[in-house]
Amino acid sequence: MTDNHPAPGSAARPDAAGLDPVRRLHALAAGVRGARVTTREIAAPYDTIAPLLADLDGELARLVPDMRGLRLTRADGDRIEAVAVGRLGLRARFDGIRRPGWVWLQSRFLLIGMAATPSATAPDHTLVAFTGGVRVPGHAALLPVAVGRAGRRVLGRLEERVAG
Amino acid sequence: MSDDHDRAVLLVRAAQRGDTIAMNELLDLLIPYAGRICTPIALADGPDAVQETLVAVFRGLRTLKEPAALYGWVRAIACREAVRVARRTARAVPADLTSLPGRGDPQLAADIDDTLARLSPEHRAVLVLRDIEGFDEQSAAALLGLRVGTVKSRLHRARDSFRKAWSS
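Here the structure is a predicted model, which is why all the values come from computation and not from measurement.

Thresholds, definitions, all that
- Within every chain, residues take consecutive numbers counted from 1 along the sequence as written.
- All chains are assigned letters beginning at A, and all ligands numbers beginning at 1, according to the order in which they are written.
- Confidence filtering applies because this is a predicted model: local features only for residues at pLDDT of at least 70, side-chain atom pairs given and counted only at 80 or more, and all residues used for totals across whole chains, interfaces and linings.
- Each side-chain value is worked out from all heavy atoms of the structure, with water and hydrogens disregarded.
- Runs of E in the DSSP output that reach at least two residues are strands. Runs of H or I that reach at least four are helices, and both are numbered from the N terminus.
- A simple rule labels every residue: compare its accessible area, found with a 1.4 Å probe on the protein chains alone, to the largest value its type can have, and call it buried under 20%, exposed over 50%, or partly exposed in between.
- Contacts were defined at the residue level, with two residues in contact if any of their heavy atoms lie within 4.5 Å.
- All accessibility values rest on the Shrake-Rupley procedure with a 1.4 Å probe; residue burial counts only the protein chains present in the view.
- When two parts are put together, the accessible area they lose, computed with a 1.4 Å probe and summed over both, is reported as buried area.
- The salt bridge criterion pairs a side-chain nitrogen of Lys or Arg with a carboxyl oxygen of Asp or Glu, the two atoms within 4 Å.
- What qualifies as a polar contact is a pair of N or O atoms within 3.5 Å, subject to a donor-acceptor requirement within protein and to the restriction that residues adjacent in sequence count only when both atoms come from side chains.
- Classes in brief: Ala, Val, Leu, Ile, Met, Phe, Trp, Tyr, Cys and Pro nonpolar; Asp, Glu, Lys and Arg charged; the others, Gly included, polar.
- Note on pairing: DSSP must find at least two bridges between two strands before they are called paired.
- To obtain an axis, a line is fitted to C-alpha atoms, over the contacting stretch when the element is a helix, and the angle between two such axes runs from 0 to 180 degrees between their N-to-C directions.
- Think of it this way: a Phe, Tyr or Trp ring, Trp meaning its six-membered ring, pairs with another when their centres are within 6.5 Å, and the plane angle makes it stacked under 30 degrees, edge-to-face over 60, tilted otherwise.
- Angle categories: roughly parallel below 35 degrees, roughly antiparallel above 145, roughly perpendicular from 65 to 115, and oblique for all the rest.
- By convention, the crossing between two helices is left-handed when the near helix turns anticlockwise from the far helix through less than a right angle, and right-handed when the turn is clockwise.

**Student:** I keep staring at the overall build of chain A and nothing clicks. Help me out?
**Tutor:** What chain A contains, in helices and strands, is four helices and seven strands. Going from N to C terminus, chain A has its helices and strands arranged as α-β-α-α-β-β-β-β-β-β-α. A burial count over chain A gives 52% of its 164 residues as buried. For chain A, the proportion of contacts with a sequence separation of at least 24, taken over those separated by at least 6, is 53%. Roughly 7,500 Å² of accessible area belongs to chain A as shown, and the carbon and sulfur atoms make up 52% of that amount.

**Student:** Explain the overall build of chain B to me, please; I cannot follow it from the model alone.
**Tutor:** For chain B, the helix and strand inventory stands at eight helices and zero strands. For chain B, the succession of helices and strands along the chain, N to C, is α-α-α-α-α-α-α-α. The buried share among the 168 residues of chain B stands at 51%. Look at the contacts in chain B between residues 6 or more apart in sequence, and 65% of them connect residues 24 or more apart. Accessible surface, chain B as shown: approximately 7,800 Å² in total, 53% of it carbon and sulfur.

**Student:** I'm lost on the interface of chain A and chain B in this one. Help?
**Tutor:** Think of interface size as the accessible area that goes away when the parts come together; that is how it is often given. In this complex, chain A contributes 31 residues to the contact, which on the side of chain B involves 23 residues. Summing the contributions of chain A and of chain B, the shared interface buries around 2,400 Å²; its carbon and sulfur component is 56%. At the boundary of chain A and chain B, one finds four salt bridges. Note that Arg-23 of chain A is salt-bridged to Asp-48 of chain B, the shortest N-O span being 3.0 Å. Run the count over chain A and chain B and you get ten residue pairs in polar contact (both at pLDDT 80 or more). Going through the elements one at a time, α1 (21-29), β4 (91-99) and β5 (102-106) of chain A are the ones with two or more residues in the side of chain A that touches chain B. Here the side of chain A that touches chain B gets five residues from one element, more than from any other, and that element is α1 of chain A. Its residues placed into classes, the side of chain A that touches chain B shows twelve nonpolar, ten polar and nine charged.

**Student:** How do you make sense of the sheet that holds strand β3 (residues 79-86) of chain A when you look at a structure like this?
**Tutor:** In a beta sheet, neighbouring strands pair by backbone hydrogen bonds and run either parallel or antiparallel. All names here are of chain A. Reading across from one edge, β1-β7-β6-β5-β4-β3-β2 is the order of the seven strands in this open sheet, with antiparallel pairing throughout. Only two strands of the sheet have a single partner each, and these edge strands are β1 (38-42) and β2 (67-76). The mean inter-strand angle of the sheet, taken between neighbouring strand axes irrespective of direction, is 20°. Pairing geometry for β5 and strand β6 (residues 110-118), over five bridges, is antiparallel.

**Student:** Just checking my understanding: could you explain the packing of aromatic side chains for this structure?
**Tutor:** Here a ring pair, both rings aromatic, is described through the centre-centre distance and the interplanar angle of the planes. Applying the stated rule across the entire model yields two aromatic pairs over all chains. Judged by centre distance (6.0 Å) and plane angle (5°), the rings of Trp-102 of chain A and Trp-104 of chain A are stacked. Summarising the burial analysis for this pair, Trp-102 of chain A and Trp-104 of chain A share the class buried. Note on Tyr-33 of chain B and Tyr-71 of chain B: the rings are 4.8 Å apart at their centroids and 80° apart in plane angle, and the pair reads as edge-to-face. With Tyr-33 of chain B in helix α2 (residues 20-42) and Tyr-71 of chain B in helix α4 (residues 70-88), the pair connects residues that are 38 residues apart, well separated along the chain. For Tyr-71 of chain B, a relative accessible area of 7% gives the class buried.

**Student:** What is the right way to look at the packing of α2 of chain B against helix α3 (residues 46-60) of chain B in this model?
**Tutor:** Residues and elements named next belong to chain B. Where α2 meets α3, the closest approach of the two axes is 8 Å, and the angle between their N-to-C directions is 135°. When the interaxial angle is binned, α2 and α3 end up oblique. When the axes of α2 and α3 are compared, the crossing they make is right-handed. Side by side, α2 and α3 meet where Met-23, Leu-26, Leu-27, Leu-30, Ile-31, Ala-34, Gly-35, Cys-38, Thr-39 and Ala-42 of the first sit next to Gly-46, Ala-49, Val-50, Thr-53, Leu-54, Val-57 and Phe-58 of the second. Class assignment for the residues of the contact of α2 with α3 results in 13 nonpolar, four polar and no charged.

The values reported here are purely geometric and, on their own, carry no functional implication.
Written out as structure tokens, the structure reads:
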């Protein structure tokens, strides 16, 4: 059993089969061994949250633990490349996909996935989901270390960011 | 479909090698396919059924030995999950077709949806596979894990229900 939630009221964001970005994240994370999906309903409208997830150069690096900076180096449609700098100065190149309410980034050693969709139950609230962690190099698998805690920290920072 | 099929085979191989970007692209291909099967069976619970289907697909992807068999495998999972989700939410109400509008009603599409909603998930699954997806009785039986005789009798009852509704 997965963490299902009702489709949001907005018909524009889920696709024709009714899969909004948060549902997509649950499906995709199922293919990554060791991945956990953390969700939180945040008291801010989707139109406030979605641009924060899309802002790789600014906001996203502030949300993800141990990341000092992230720079978008290429964007071609929804496909993106970025370079991240860790707290110890190490650099990592990411490939990814960025869409409204969706960002998915993979490097050799890290995986980051975030999704947002309007809340189905509370107007002007947004359901946000995170998955990610330290990747087993070359595999769709994460090291089973603090994957849940990382999700809670990211979503906690996002909540503080929009509250402040 | 053949372009999609060839592309899906490549994406499955890349995903099995650990490429999560390929998994994203594979998800884009599979969502409409799963939706086409799940939505007429699970109706309002279609998004739940599609999500459950794709969770099962991606969880099992690394065990798929023959990527060319992807769509058949996904189809079987979608049928199973759609029926299971529809049952779970207690939408398996017995068919009560006496109040349905007749053939001349202008809201024909709505009538069909209404008729479908009054059938059990199992009957909807048989109708979707036989009359929408075009499978023969043997294939539909294999996908649903039923005997051919059971599929035949369910199909007969489901079509009979429609016939009565239109002629009432």
